[in-house]
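Per-entry structural report
One-letter residues, chain by chain:
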Amino acid sequence: MPVNIEEHIRLLEAMVEQQKIHIQSQDARILEQEQTIAELRTLVDELRLLKAGLEETLDEFKRHLFGTKSEKTKTTPDSTVDETENPPVKTTVKEHTRMKKKKSQEG
């Protein structure tokens, strides 16, 4: 414990200086963290754009790979004759109407 008032004042001034140094270091850390947060937000925005672009490209590839192909949808002359002889029967299914061909009575 300080014996006289002058020594007590010097100790208090030293504590105040230490607090000022501590506050300055905390301010520097806060500024650095704010800069890091701004950089990370920019990075997140860029990654979101990249993700959206990649999802769009993936959807395009899926359409190209799994979409209908013209060579698969061509009909043969035999199938058109069969449809006129046996018209399809409509069956209602949950969300749409399904066309079903009648089975021919051969054999």
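Analysis parameters
Residues numbered from 1 in each chain as written. Predicted model: local features only at pLDDT ≥ 70, side-chain atom pairs only at ≥ 80, totals over all residues. Heavy atoms only, no water. Helix = DSSP H or I, 4+ residues; strand = E, 2+ residues; numbered from the N terminus. Buried < 20%, exposed > 50% of the residue type's maximum accessible area, 1.4 Å probe, protein only. Areas by Shrake-Rupley, 256 points an atom, 1.4 Å probe, with all protein chains shown as cover. pLDDT = per-residue confidence, 0-100. Salt bridge = Lys/Arg side-chain N within 4 Å of Asp/Glu carboxyl O. Patch = residues over 30% accessible without salt bridge, like charges linked within 9 Å, V, L, I, M, F, W, Y side chains within 5 Å.

**So, the overall build of the chain**
From N to C terminus, the chain includes three helices and two strands. When the elements of the chain are put in sequence order from the N terminus, they spell out α-α-α-β-β. Counting over 107 residues, the chain shows a buried share of 1%. Carbon and sulfur atoms provide 57% of the accessible area of the chain, an area that totals close to 10,800 Å².

**A look at the confidence of the model for the chain**
In the predicted model, the chain carries a mean pLDDT of 82, and the fraction of residues at 70 or more is 70%. Here helix α2 (residues 70–73) stands out as the element of the chain with the lowest mean pLDDT, 56, in contrast to helix α1 (residues 5–66), whose mean of 95 is the highest.

**Notes on the pattern of salt bridges**
All chains considered together, the criterion is met by two salt bridges. The closest approach of N and O atoms between lysine 20 and glutamate 17, which form a salt bridge, is 4.0 Å. With a gap of three residues between them, lysine 20 and glutamate 17 both fall in helix α1, about one helical turn apart. Among the residues examined, lysine 20 registers a relative accessible area of 45% and is labelled partly exposed. Residue lysine 51 is joined to glutamate 55 by a salt bridge in which the shortest nitrogen-to-oxygen separation is 3.2 Å. Placement of the pair is lysine 51 and glutamate 55 together in helix α1, with a separation of four residues, close to one helical turn.

**Things to note about a nonpolar patch on the surface**
Nonpolar side chains collect at one region of the surface, where Leu40, Leu43, Leu47, Leu50 and Leu54 lie side by side and expose about 470 Å² of accessible area between them. Positionally, leucine 43 belongs in helix α1.

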